[in-house]
Amino acid sequence: MNITERFLNYTKFDTQSAEESLQVPSTPKQMVFAQYLKTELEKEGLEDVELDEKGYLYATLPSNMKEDVPTIGFISHYDTSPDCSGADIKARIVSQYDGKDITLSEGIVSSPKKFPELLQHIGEDIIVTDGHTLLGADDKAGIAEIVQAMCYLRDHKDIRHGKIRIAFNPDEEIGMGAHHFNVEKFGCEWAYTMDGGDVGELEFENFNAASAKITIHGVSVHPGYAKDKMVNANRLAAEFVAMLPADETPETTEGYQGFYHLTGMQTSTELGKLSYIIRDHDREKFEERKRFVKHCAELMNEKYGESTVVAEVSDQYYNMKEKIDPQMHVIDLVLHAMQEVGVAPKVKPIRGGTDGAQLSFKGLPCPNIFAGGVNFHGPYEFVSIQSMEKAMQVVVKICELTAKYND
């Protein structure tokens, strides 16, 4: 099976995660795919294939060397984003893309005018959707690349490599992917997530991240008799939103700039609920952002009464850079591997997070490598077949170079 067939098979499974769920995995359909993937790994001859009750799948490609070399790992997540449907995905290949508009379906067009990233893939074979679902390259492209790389190493015994561990997990898209990851069982000195974007991307800096749940308790009274009695949670919700800087949102920031992002809003006169995510690369600024959200709630309580506004702020993950910096050989190997396979590295900070960030803080240094997908979380998502092949080659080369680590 080639990498394209493998990836297209994976897209047939709806693996969308659900943020409000208390289950692990957050949706039962994720486990359906995990079981399929377990069977596939067993058929491909990998060893120690284990799927635990929470949907974490582990496997091993044994070393073909007598020498003792570091055990390394590769990780991808199999859930897709709650932001867009992942059901009944209709993927198709646009062969030798010519740089023009792509009609996904009637009235839905993916245009390089809106998505200039397309122009980086002229002449390549790109996989697109029909414009009604996401594609799932985030992160089934990563899974396909890792599995294909293991098969390549299995079939090319002349390539010396140490013990390679691979793992696939649920619920990354809702920030829970690493929570039940068994680092001790994985048994690696370091690892890589294959969860980045376009060709060459290498990331070992990410946002510090927190969620904020704002609950506003109003008082509902007949509007004709509401003077000095009603507390309108709808209006207070709008007031709270206006207290946060309008120029510090995802729409207005880039690079290392942090933000407050209103992700959900449900209000009535009696009750308001706001959901925010808070992001910043700088740890001190991150802590200040969290304090500011709580301060806004305190100011509103001074105005409208104690406990009218309740702000619950919870940390999600931290910037992995502080854990990677002392072990830069992990990055040097990737840069060398990219050079060997003809990929120009694009080292940049992640304006988001990966499972690797949490894993790095659990003792497993784990930077993020490109998987090739573009325009994640929406119906204009696409991935180049050539990009997936390059990512697979990078995985193979990292394994090969690690075998020479002690030379």
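Not measured: the values here are computed from a predicted model.

About the criteria used
Residues numbered from 1 in each chain as written. Predicted model: local features only at pLDDT ≥ 70, side-chain atom pairs only at ≥ 80, totals over all residues. Heavy atoms only, no water. Core = buried A, V, L, I, M, F, W, Y, C linked by side-chain atoms within 4.5 Å. Buried < 20%, exposed > 50% of the residue type's maximum accessible area, 1.4 Å probe, protein only. Contact = heavy atoms within 4.5 Å. Helix = DSSP H or I, 4+ residues; strand = E, 2+ residues; numbered from the N terminus. Arc of directions from axis to C-beta. Polar contact = N/O pair within 3.5 Å; in protein donor to acceptor, adjacent residues only side chain to side chain. Salt bridge = Lys/Arg side-chain N within 4 Å of Asp/Glu carboxyl O.

(A) Main features of the nonpolar core. By size, the foremost hydrophobic cluster in this structure holds 69 residues, and its most contacted members are Phe74, Met150, Phe168 and Ile369. Once you skip the residues sitting within four places of it in the chain, Phe168 turns out to touch Leu37, Leu41, Gly55, Tyr56, Leu57, Ser76, Tyr78, Ile143, Ile146 and Val147. In terms of nonpolar packing, the next biggest core, distinct from the first, is built from 21 residues, Ile216, Leu274, Cys296 and Val309 among them.

(B) Layout of helix 1 (residues 3–11). Every buried residue of helix 1 is listed here: Ile3, Thr4, Arg6, Phe7, Tyr10 and Thr11. The buried side chains of helix 1 occupy one side of the element, clustering within an arc of 165 degrees when seen end-on. Buried residues in helix 1 make contact with helix 2 (28–43), strand 4 (92–94), strand 7 (126–128), helix 3 (137–155), strand 18 (382–384) and helix 10 (385–402). Its side-chain oxygen at 3.1 Å from the backbone nitrogen of Thr4, Asn2 defines the N-terminal cap of helix 1.

(C) Geometry of the environment of Asn206. Tracing the backbone through its elements, the reader meets Asn206 in the loop between strand 10 (201–203) and strand 11 (208–217). Note on Asn206: relative accessible area 0%, which makes it buried. In this structure the C-alpha to C-alpha distance between Asn206 and Glu322, which are 116 residues apart in sequence, comes to 10 Å. Other than its neighbours up to four places away in sequence, Asn206 contacts His281, Tyr317, Tyr318, Asn319, Met320, Ile350, Gly352, Gly353 and Ala357. A polar atom in the side chain of Asn206 sits 2.8 Å from the backbone nitrogen of Met320.

(D) Highlighting the pattern of salt bridges. Inspection of the entire model under this criterion finds 21 salt bridges. Across the salt bridge formed by Glu239 and Lys303, the nearest N and O atoms sit 3.1 Å from each other. Taken as a pair, Glu239 in helix 5 (residues 233–243) and Lys303 in helix 6 (residues 283–304) lie far apart in primary sequence, 64 residues in all. With a shortest N-O distance of 3.9 Å, Arg283 and Glu322 are connected by a salt bridge. Of the two residues, Arg283 is situated in helix 6 and Glu322 in helix 7 (residues 321–324); the sequence distance between them amounts to 39 residues. On the accessibility criterion, Arg283 (33% relative accessible area) is partly exposed. Salt bridges linked by common partners bring Arg6, Glu40, Glu44, Arg154 and Asp155 together as one network.

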